[in-house]
Amino acid sequence: MSVLQSWLVQALFIFLITGSIGELIDPCGHISPESPVVQLGSNFTAVCVLKEDCMDYYHVNANFIVWKISHFTIPKEQYTIINKTAASVTLTDVASLNTQLICNILTFGQLEQNVYGITLISGLPPEKPKNLNCIVNEGRKMKCYWDPGRETYLETNFTLKSEWATEKFADCKTKRDTPTSCTVDYSPVYFVNMEVWVEAENALGKVTSDHINFDPVDKVKPNAPHNLSVSNSEELSSILKLTWINSNMKNVIRLKYDIQYRTKGASTWSQIPPEDTASTRSSFTVQDLKPFTEYVFRIRCMKEDGKGFWSDWSEEASGITYEDRPSKAPSFWYKIDPSHTHGYRSVQLMWKTLPPFEANGKILGYEVTLTRWKSRLQNYTVNDSKLTVNLTNDRYIATLTARNAVGRSDASVLTIPACDFQGYLAESKCYLITVTPVYADGPGSPESVKAYLKQAPPSKGPTVRTKKVGKNEAVLEWDQLPVDVQNGFIRNYTIFYRTNIGNETAVNVDSSHTEYTLSSLTSDTLYMVRMAAYTDEGGKDGPEFTFTTPKFAQGEIEAIVVPVCLAFLLTTLLGVLFCFNKRDLIKKHIWPNVPDPSKSHIAQWSPHTPPRHNFNSKDQMYSDGNFTDVSVVEIEANDKKAFPEDLKTLELFKKEKVSTEGHSSGIGGSSCMSSSRPSISSSDENESAQNTSSTVQYSTVVHSGYRHQVPSVQVFSRSESTQPLLDSEERPEDLQLVDNVDGSDGILPRQQYFKQNCSQHETSQDISHFERSNQVSSVNEEDFVRLKQQQISGISQSCGSGQMKMFQEVSAADAFGPGTEGQGERFKTAGMEAVLDEGMPKSYLPQTVRQGGYMPQ
Amino acid sequence: MDMSWDSWGMLACLCTVLWHLPAVPALNRTGDPGPGPSIQKTYDLTRYLEHQLRSLAGTYLNYLGPPFNEPDFNPPRLGADTLPRATVNLEVWRSLNDKLRLTQNYEAYSHLLCYLRGLNRQAATAELRRSLAHFCTSLQGLLGSIAGVMATLGYPLPQPLPGTEPTWTPGPAHSDFLQKMDDFWLLKELQTWLWRSAKDFNRLKKKMQPPAAAVTLHLEAHGF
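Residues numbered from 1 in each chain as written. Chains lettered and ligands numbered in written order. Predicted model: local features only at pLDDT ≥ 70, side-chain atom pairs only at ≥ 80, totals over all residues. Heavy atoms only, no water.

Going by what an unreviewed UniProt entry lists, chain B is known as Cardiotrophin-like cytokine factor 1 and is assigned to Propithecus coquereli. Of the comments in the UniProt record for chain B, the one headed Sequence similarities (unreviewed entry) reads "Belongs to the IL-6 superfamily." On record in UniProt, under Function (unreviewed entry), the comment for chain B is "In complex with CRLF1, forms a heterodimeric neurotropic cytokine that plays a crucial role during neuronal development. Also stimulates B-cells. Binds to and activates the ILST/gp130 receptor." (UniProt positions renumbered as here; feature names shortened; annotations may be inferred.)

Looking up chain A in an unreviewed UniProt entry gives the name Interleukin-6 receptor subunit beta, with the organism given as Propithecus coquereli. Word for word, the UniProt comment on chain A under Subcellular location (unreviewed entry) is "Cell membrane". Here is the UniProt Sequence similarities (unreviewed entry) comment for chain A, exactly as written: "Belongs to the type I cytokine receptor family. Type 2 subfamily."

Here it is as structure tokens:
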């Protein structure tokens, strides 16, 4: 302390020297910088420059400079001699806030002479202000506040800046005593967003807070509702109605409220559910209050959407709920004056006044009735809490009710025994002994106890029955024995149960129960159960009860059935899914794709086309998308069959040209009516030379196919026949068949063949194919053909459905087809016939033959 | 078997898609709110200003004294022709397009604001000056709000024609009574304009809501 004082004196001296007398007495040098502000913890370097004349006077130079800080000499290691006249000192990690730094010179005789001194001020740059927020107190100007961050130890100015998108407002400079808030100079304009931020600045720096953008109406703190008043309702004693006047903000924004209440004298507030007061209003009815009780209320409000601030609480207001009838009868007692005379006695009845929470209002009086045994009653109305009456020596029953403005309480009843009442107590009868304390100010609450003079076993046993019977358990229930038959205190019950053949089992049950669950029963069994009740003196059995446990527990069947059904459903679903995924494979095996002849076209049907082995593929199915192909098919079949006599076939073919129309049409008819048209036209145009493309192509194929490759002929026949399965499975047989046909035997193999393909639509086509080949190859074999037809029809009957379907399609196509030409019409009729003919599926092929005109030929 | 796994995968994928559907950003549009909120705010502001003007006009007319503060005082509109008129034929008003509607509002308030500032300079009592100043600021805010709405909708702000900039010139020819008459009409016209603007922005508000819903629906459909 003394050090500090002496230092202060020294400093004062220096300042006097350098300050006031400075002009007169020139200092020996100076320190640069003059008045530094340094950040705490940083390094600082000062330079002391000596004047030449001074140096000469004292015979010193920069080497003689000694630095002192707060009266202590700074070690030489921190000095730097810059030149003859200047030396610097570096202070590391400046820690103290205000430091005096003095430059001295060491003159002759080791005397220290002050040259110059400075005050080193240190502190911190301002931190970025955080948590900037604003509040608009209703009717006042906006105030913003923030968290300034750490202490800077320096004078720091905070400036609140605000602007609209279109306009800037005047800055708000904080006052020195409130550096963390500022109240702007203007009234805020509601419903226009503004942007606000704070700038903090001191000698070491300047920072800006985050900008906040808001609508001042969302920062409003409304004035509290005022003139709160409370009124009660005569109709309902449990409600109070509050009314108040809202602040003027209600004209600008919608409000919500917070209402609290408590009974007078209570310390904790109860809260009205906020959702009940979530909109602008000026009254509210509080419910579920106690009657005739004083409540205190207070209310506050804020913007409905919860933006902004709650107002202050309003002034408290109180109100008393309306009265209700007393909720409890007063307890009372009597006193009999022992000095009774002339058969009368003086009885004083006394009672306690009801406490307020039971009186539910101001008690206006008490009503007493006295009823002599089997006689009319006497009424008394009393304001006091006691009544003295003269009674005869008989037994009386007294009742007492309390009355207030709303109604009267329930009656409490008291028996005044007869004067000569003598205690005769019977055995095995239950007596209720009641003791009522009587204090100076009235009776207290009575206590009762049950007692027997002497107990006996019950005169009847309890009747047991089942409440619920399960597979392995049964819930038994029974009624308490009536007091008349108890003959004592029931201490416990015993339940006996047994099956038809089994041993009896006994279970003891506490007397407080009226229900018991027997467990570990066997299902589907007859049980006999009975029950005995015991007093201290013994027990008595009740009647026996029988019940049968069911075979299945409740829900057991469902528990089995439901999972099974679910499992079945799941399996089915999985099966369907599997089938769906493997549909191609399944279809291949069971329901192969058959190319639709009606969709075939000639373009692909060339000798260079490789043999179509895979008829299942959709591509091929759809590639055959032209009708002409159909007519081609049969003719090729002809070719095949006719390959031993190639030319002959051609001749035949030519011969048949007239009938070819029929021929082709027959095929067309069988497959699709409209499909026959090209071939019809071709036959119409030219008999001898088949000019139509279809005919030409077709014959070309036949020749080349045949001449170059015998096996390929077969392949073509397949493709023509559009019979995929045959292609893959029956080729050798087919070949054989063809041979057989020629050889006019092999009926059996053919049958087999058809049977195998019975399920396919194409069967008939194939048949027709064979038919035709037959016909073409040997017209004379008509009979044979017929025989075959029969067979075929017999076979195809079994698989007629598919063919039927085809026919329906055909007829439908027909209906839409033009079919104006004569042959077309003929076809049509043929088709019609086919449809009408019940054996049409069978006669499908034969019809071809007929239409082909072979039969007549 | 691959096939079946594929279909299970597809099923799982479908379920995942359905599950995450509510999270599809297109369905939870929280981005640009559009002009709706700013129109709503402007509407609220006109209602607030209307309310504010009611008390201000009462005070100011009292300051002007009788007969201006008499409730049934209804003078002819003399010399107030420079004031923008709020009254308009209902059919014309209905047929206004958004741009024109907003432009008319903007122009009217820029003019009214200039006149009002003149009024402020003449007001005698400090309290009245303060009220007028605050009302001017609020009106400035309304102007900014309208400009904001116009910017949101992509309409250019009307440029004041040179020479038509209204200035408050207390004409020497004006007698004191006529001057007060002008003040009276300025307040009256302001009131009418605020009524009209509330209607204008209510209309705009209603008009802007359905398209927003349609956009949402469209996006939902797109999301599906």
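### Looking at the overall build of chain B
For chain B, the count of helices and strands is six helices and zero strands. Counting from the amino terminus, helix and strand elements in chain B follow one another as α-α-α-α-α-α. Residue burial in chain B is summarised as follows: out of 224 residues, 39% are buried. Restricting the contact set of chain B to residue pairs at least 6 apart, pairs at least 24 apart contribute 86%. About 12600 Å² of surface is accessible on chain B, with carbon and sulfur atoms providing 62% of the total. (Helix = DSSP H or I, 4+ residues; strand = E, 2+ residues; numbered from the N terminus. Buried < 20%, exposed > 50% of the residue type's maximum accessible area, 1.4 Å probe, protein only. Contact = heavy atoms within 4.5 Å. Areas by Shrake-Rupley, 256 points an atom, 1.4 Å probe, with all protein chains shown as cover.)

### What to know about the overall build of chain A
Scanning chain A from N- to C-terminus turns up 21 helices and 44 strands. By residue count, 45% of the 857 residues in chain A fall in the buried class. In chain A, the proportion of contacts linking residues at least 24 apart, taken out of those at least 6 apart, comes to 66%. When the accessible surface of chain A is totalled, it reaches about 44600 Å², and 53% of it is carbon and sulfur.

### Observations concerning the UniProt feature "transmembrane region" (unreviewed entry) in chain A
UniProt marks residues 560-580 of chain A with the feature "transmembrane region" (unreviewed entry), using the numbering shown here. Within residues 560-580 of chain A, the helical portion is 100% and the strand portion 0%, while the C-alpha atoms at the span's ends are 30 Å from each other.

### Remarks on the state of the cysteines
Here the structure, examined in full by the defined rule, presents four disulfides over all chains. What links to what in chain A: the bonded cysteines, counted in sequence order, pair as 1-3, 2-4, 5-6, 7-8. (Disulfide = S-S within 2.5 Å.)

### Overview of the pattern of salt bridges
Inspection of every chain in the model, using the stated rule, returns 35 salt bridges over all chains. Here Arg262(A) and Glu316(A) are joined by a salt bridge, their closest N and O atoms 3.7 Å apart. In this pair, Arg262(A) is assigned in strand 21 (residues 255-263) and Glu316(A) in the loop between strand 24 (294-303) and strand 25 (317-320), connecting sequence segments 54 residues apart. Put simply, Glu127(B) and Arg130(B) hold a salt bridge, and the shortest N to O gap is 3.0 Å. With Glu127(B) and Arg130(B) both in helix 5 (residues 126-153) and three residues apart, the pair spans about one turn of that helix. The partly exposed category is assigned to Arg130(B), whose relative accessible area is 49%. What emerges from the salt-bridge pattern is a single network uniting Arg498(A), Glu504(A), Arg530(A), Asp541(A) and Glu544(A). (Salt bridge = Lys/Arg side-chain N within 4 Å of Asp/Glu carboxyl O.)

### Considerations on the packing of aromatic side chains
The way to describe two aromatic rings as a pair is by their centre distance and the angle between their planes. Within this structure, the stated rule accounts for 20 aromatic pairs over all chains. A ring pair is formed by Phe184(B) and Trp185(B), whose centres lie 6.2 Å apart and whose planes are at 90 degrees; its orientation type is edge-to-face. Like Phe184(B), the residue Trp185(B) is buried in the burial classification. What links up through ring pairs into an aromatic cluster is the set Trp164(A), Phe169(A) and Tyr186(A). We note Lys219(A) situated over the ring of Phe214(A); from NZ or CZ to the ring centre the distance is 5.4 Å. Sitting over the ring of Tyr43(B), Lys205(B) keeps its end group 4.1 Å from the ring centre. (Phe/Tyr/Trp six-rings, centres within 6.5 Å; stacked < 30°, edge-to-face > 60°. Lys NZ or Arg CZ within 6 Å of the ring centre and 35° of its normal.)

### So, the interface of chain A and chain B
One widely used convention gives an interface's size as the accessible area the parts lose upon coming together. Contacts between chain A and chain B engage 18 residues on the former and 17 residues on the latter. Buried surface at the junction of chain A and chain B, both sides included, amounts to about 1500 Å², of which 66% is carbon and sulfur. The three residues of chain A that bury the most area against chain B are Val189(A), Phe191(A) and Asn581(A), which together make up 34% of that side's buried surface. Our enumeration of links across chain A and chain B arrives at one salt bridge. For Lys41(B), the salt bridge goes to Asp215(A), with nearest N and O atoms at 2.5 Å. The tally of links between chain A and chain B comes to five residue pairs in polar contact (both at pLDDT 80 or more). (Buried area = accessible area lost by both parts, 1.4 Å probe. Polar contact = N/O pair within 3.5 Å; in protein donor to acceptor, adjacent residues only side chain to side chain.)

### Some thoughts on the nonpolar core
Residues Met142(A), Leu160(A), Phe297(A) and Tyr109(B) are the most contacted members of the largest nonpolar core, which totals 93 residues. Here the element with the most residues in this core is helix 6 (residues 176-223) of chain B; it accounts for twelve residues. Three or more residues apiece are contributed to this core by two domains, here domain 2 (130-218) and domain 3 (222-320) of chain A. One finds Leu50(A), Ile74(A), Leu101(A) and Ile105(A) within the second-largest nonpolar core, a separate group that totals 27 residues. (Core = buried A, V, L, I, M, F, W, Y, C linked by side-chain atoms within 4.5 Å. Domains from an automatic or database assignment.)

### Some words on the environment of Tyr145(A)
Looking at the secondary structure, you find Tyr145(A) in strand 11 (residues 142-147). Judged by relative accessible area, Tyr145(A) falls into the partly exposed class, the value being 29%.

### Quick look at the sheet that holds strand 30 (residues 386-392) of chain A
All names here are of chain A. Pairing in this open sheet of three strands is antiparallel, and the strands run 26-27-30 from one edge to the other. Looking at which strands have only one partner, the edges of the open sheet turn out to be strand 26 (332-336) and strand 30. Between one strand and the next, the sheet's axes are offset by a mean angle of 25 degrees, whatever the strand orientation. Here seven bridges tie strand 27 (residues 344-351) to strand 30, and the two strands are oriented antiparallel to one another. Looking at strand 30, one finds that Ser 346 is bridged to Asn 390. (Pairing = 2+ DSSP bridges. Axes fitted to C-alpha atoms, helices over the stretch in contact; angles between N-to-C directions.)

### A closer look at the packing of helix 2 (residues 36-64) of chain B against helix 5 of chain B
All names here are of chain B. Contact geometry for helix 2 and helix 5: axes closest at 10 Å, N-to-C directions at 155 degrees. Taken together, helix 2 and helix 5 sit at an angle that is classed as roughly antiparallel. Crossing handedness for the pair helix 2 and helix 5: left-handed. Each residue belonging to the contact of helix 2 with helix 5 can be placed in one class, and the counts come to 15 nonpolar, eleven polar and no charged. (Parallel < 35°, antiparallel > 145°, perpendicular 65-115°, else oblique. Left-handed = near helix turned anticlockwise from the far one by under 90°. Nonpolar A, V, L, I, M, F, W, Y, C, P; charged D, E, K, R; others polar.)

### Describing the pairing of strand 24 of chain A
Residues and elements named next belong to chain A. Within strand 24, nine of the ten residues are buried, which leaves the element mostly enclosed by the surrounding structure. Pairing between strand 21 and strand 24: nine bridges, direction antiparallel. What sits directly across from Arg 262, in strand 24, is Val 296. With four bridges connecting them, strand 24 and strand 25 associate as antiparallel partners. What sits directly across from Glu 294, in strand 25, is Ile 320.

### Considerations on the confidence of the model for chain A
Residues and elements named next belong to chain A. Here chain A shows a mean pLDDT of 72. Residues at 70 or above account for 66%. Below pLDDT 50 for its whole length, residues 11-24 participates in 15 contacts with residues either more than four positions away or in separate chains. Throughout residues 609-857 the model reports pLDDT below 50, and contacts reaching past four residues in sequence, or to other chains, amount to 392 contacts. (pLDDT = per-residue confidence, 0-100.)

### What to know about the side chain of Thr392(A)
All names here are of chain A. Tracing the backbone shows Thr 392 in strand 30. Owing to a relative accessible area of 12%, Thr 392 belongs among the buried residues under this scheme. Within the structure, the side chain of Thr 392 is placed 2.9 Å from the side chain of Tyr 396, a separation counted as a polar contact. Excluding residues that lie within four positions of it along the chain, Thr 392 makes contacts with Gly 343, Tyr 344, Arg 345 and Arg 372.

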